[in-house]
Amino acid sequence: MKRILVAVLAATTSLAAVSTHADASDSRKQTLTSAVEDRVANTATLPIHQGIDAGGQSFWYVVTDSSNQKDARSRGVNYSPKLANARGTSAVQSGSIINGVLHVAATVDFSPTRVVVPDPNIGFPPLAASPGSIGENGYTPLVALSNGVVINAPHIANDTGLHDKLIGAPDLVGGTATFKETEGFYNDKEIYYVSFEVSNPDVAPLEGGTFAPALNGAPGIGSNDPKTSARSQIVPFVNGQTGIENPNRQGLNSALLGQGDPLNVTNSAPHNDKYSPLWDAHPAIWTETAIAAGVRTRQMKFDDIRELADSGYITGPGGTFGPGGFIVNCPVVSFG
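These numbers were taken from a predicted model, which means no experiment stands behind them. (Residues numbered from 1 in each chain as written. Predicted model: local features only at pLDDT ≥ 70, side-chain atom pairs only at ≥ 80, totals over all residues. Heavy atoms only, no water.)

## Some details on the sheet that holds strand S10 (residues 101-104)
Link 1 in the chain: Pairing within the open sheet is mixed, and its 10 strands lie in the order S8-S7-S16-S15-S9-S10-S5-S6-S17-S18. Among the strands making up the open sheet, the edge pair consists of strand S8 (78-79) and strand S18 (161-162).
Link 2 in the chain: Relative to strand S16 (residues 150-152), strand S7 (residues 65-66) is paired through 2 bridges, and the arrangement is antiparallel. Residue Ser-66 lies in a different strand from S16, and its bridge partner there is Ile-151. (Pairing = 2+ DSSP bridges. Helix = DSSP H or I, 4+ residues; strand = E, 2+ residues; numbered from the N terminus.)

Structure, rendered in structure tokens:
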């Protein structure tokens, strides 16, 4: 089994175990009810299920979201009707459950060694980065079942190795696996999620996720429309303030320096029809004007970020704030 990390400080794996949340007796709502969440260690333990790919290879997977409310309730997972909008695209592979085993065409190669070498001075961008797992041709965690329901079913282990978000090996006897959560913000509240796949090969190793380019076929880039989009927005800051004890710390640069999670900001959560685990990444860069004016502070709300962008304080890699052209599959565990 592959469990080697070379010079790694993962952007969404807090090696310093730094959290903005210090009290385990918090009031946030757990939406992924099938999980057992440890709010001190920031981990989530999920039920695992067995599957078989077209070549006969067995794999293990988890289910985190469903496009059907009744199905979501029965599984104890997030209800995300927007996933149905991806049906019929490259972001979804067909599947069937036979005698309790999920049959799909493609799985994941977990054998590559995940590499992230941070810039020792500024953290991001890293000096080198390559994903630790790569989806086979056609692999996507989204599966359209024969009844029309689309589930989010990330593969987390097979004979080639283990997913990099796993904490230890899956418990095959108990039927569970434990994953490291990532902390972020939604509407001025904390939100916790697990990163499983990324459609961009440069970002996948930072997330500790499987590189799954087929996911980018999900419709709705730049859109949060529940009728047409399968995506929702997330904002990773590129150059926020740094410092473990700094209350305004936030960003990929800080995360790669080992100071904690990047504290990304989402535009939805599993409480309405706009939620999707397919996060349409909108990378944010503070401008020199913002830094000089002292407005580069920790952000916790998408609408506030949009206003800052409209005011010229935030831009993006292409010169304007907007979608970066890739998806991160990060199902929410809890928020509030």
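## So, helix H5 (residues 302-310)
Link 1 in the chain: Residues of H5 that are buried: Phe-302, Ile-305, Leu-308 and Ala-309. One face of H5 carries all of its buried residues, which in axial projection span an arc of 120°. Among the exposed residues of H5, those oriented more than 90 degrees off its buried face are Glu-307 and Asp-310.
Link 2 in the chain: In this structure, the buried residues of H5 make contact with strand S24 (232-235), strand S25 (265-266), strand S27 (285-286) and strand S28 (314-315). (Buried < 20%, exposed > 50% of the residue type's maximum accessible area, 1.4 Å probe, protein only. Arc of directions from axis to C-beta. Contact = heavy atoms within 4.5 Å.)

## Overview of the pattern of salt bridges
Link 1 in the chain: In this structure the tally under the stated criterion is 4 salt bridges.
Link 2 in the chain: Across the pair Arg-75 and Asp-71 runs a salt bridge whose closest N-O atoms are separated by 2.8 Å. Note that Arg-75 and Asp-71 are positioned in helix H1 (residues 69-75) at a spacing of 4 residues, about one turn of the helix.
Link 3 in the chain: Asp-280 is paired through a salt bridge with Arg-231; the nearest N and O atoms lie 3.3 Å apart. Remark: Arg-231 occurs in the loop between strand S23 (210-211) and S24 and Asp-280 occurs in strand S26 (residues 278-281); sequence separation between them is 49 residues.
Link 4 in the chain: Exposure remark for Arg-231: the relative accessible area of 2% places this residue in the buried category.
Link 5 in the chain: Through salt bridges that share partners, Arg-28, Glu-37 and Arg-39 make up one connected network. (Salt bridge = Lys/Arg side-chain N within 4 Å of Asp/Glu carboxyl O.)

## Here we look at the nonpolar core
Link 1 in the chain: Leu-46, Val-62, Val-143, Ile-151, Ile-156, Phe-179 and Phe-196 are the most contacted members of the largest nonpolar core, which has 27 residues in total.
Link 2 in the chain: Elements that contribute at least two residues to this core include exactly strand S4 (43-47), strand S6 (58-61), S10, strand S17 (155-158) and strand S19 (176-180).
Link 3 in the chain: If you look at the next biggest cluster of nonpolar residues, it comprises 17 residues, including Tyr-186, Ile-234, Ala-269 and Tyr-275. (Core = buried A, V, L, I, M, F, W, Y, C linked by side-chain atoms within 4.5 Å.)

## Focus: the side chain of Asn-239
Link 1 in the chain: Secondary-structure assignment places Asn-239 in the loop between S24 and helix H3 (252-256).
Link 2 in the chain: Residue class for Asn-239 comes out buried when judged on its relative accessible area of 19%.
Link 3 in the chain: Reaching out from Asn-239, the side chain makes a polar contact with the backbone nitrogen of Trp-286 at a distance of 2.8 Å.
Link 4 in the chain: Dropping the residues within four chain positions of it, Asn-239 is found in contact with Asn-253, Ala-284, Ile-285, Trp-286, Ile-291 and Arg-296. (Polar contact = N/O pair within 3.5 Å; in protein donor to acceptor, adjacent residues only side chain to side chain.)

## Some words on the sheet that holds S4
Link 1 in the chain: Read across the open sheet, the 3 strands follow the order S3-S4-S19; overall the sheet is antiparallel. Across the chains shown, the open sheet's two edge strands, defined by having one partner strand only, are strand S3 (36-38) and S19. Along the sheet, successive strands turn relative to each other by an average axial angle of 20°, direction set aside.
Link 2 in the chain: Relative to S19, S4 is paired through 5 bridges, and the arrangement is antiparallel. In the sheet register, Thr-43 faces S19, and the bridge partner there is Lys-180. (Axes fitted to C-alpha atoms, helices over the stretch in contact; angles between N-to-C directions.)

## Topic: the pairing of S17
Link 1 in the chain: Note: S6 against S17, 3 bridges, orientation antiparallel. Bridge assignment links Trp-60 to a residue of S17, and that residue is Ala-157.
Link 2 in the chain: Judged from the 2 bridges that link them, S17 and S18 form a sheet pairing that is antiparallel. Paired with Asn-158 across the bridge in S18 is Gly-161.
Link 3 in the chain: Connecting S17 to the antiparallel partner S18 that follows it, the hairpin turn spans 2 residues.

## Topic: the packing of aromatic side chains
Link 1 in the chain: The final tally for this structure, using the stated rule, is 6 aromatic pairs.
Link 2 in the chain: For the pair Phe-237 and Trp-286, a centre-to-centre distance of 5.4 Å together with 15° between the ring planes defines the contact as stacked. Of the two residues, Phe-237 is situated in the loop between S24 and H3 and Trp-286 in strand S27; the sequence distance between them amounts to 49 residues.
Link 3 in the chain: Here the guanidinium or amino end of Arg-28 rests over the ring plane of Tyr-192, the centre of that ring lying 3.8 Å away. (Phe/Tyr/Trp six-rings, centres within 6.5 Å; stacked < 30°, edge-to-face > 60°. Lys NZ or Arg CZ within 6 Å of the ring centre and 35° of its normal.)

## A short note on the environment of Ser-146
Link 1 in the chain: If you trace the backbone, Ser-146 turns up in the loop between strand S15 (142-144) and S16.
Link 2 in the chain: Given a relative accessible area of 73%, Ser-146 falls into the exposed group.
Link 3 in the chain: A sequence separation of 50 residues divides Ser-146 from Phe-196, and the C-alpha atoms of the two residues are 24 Å apart.

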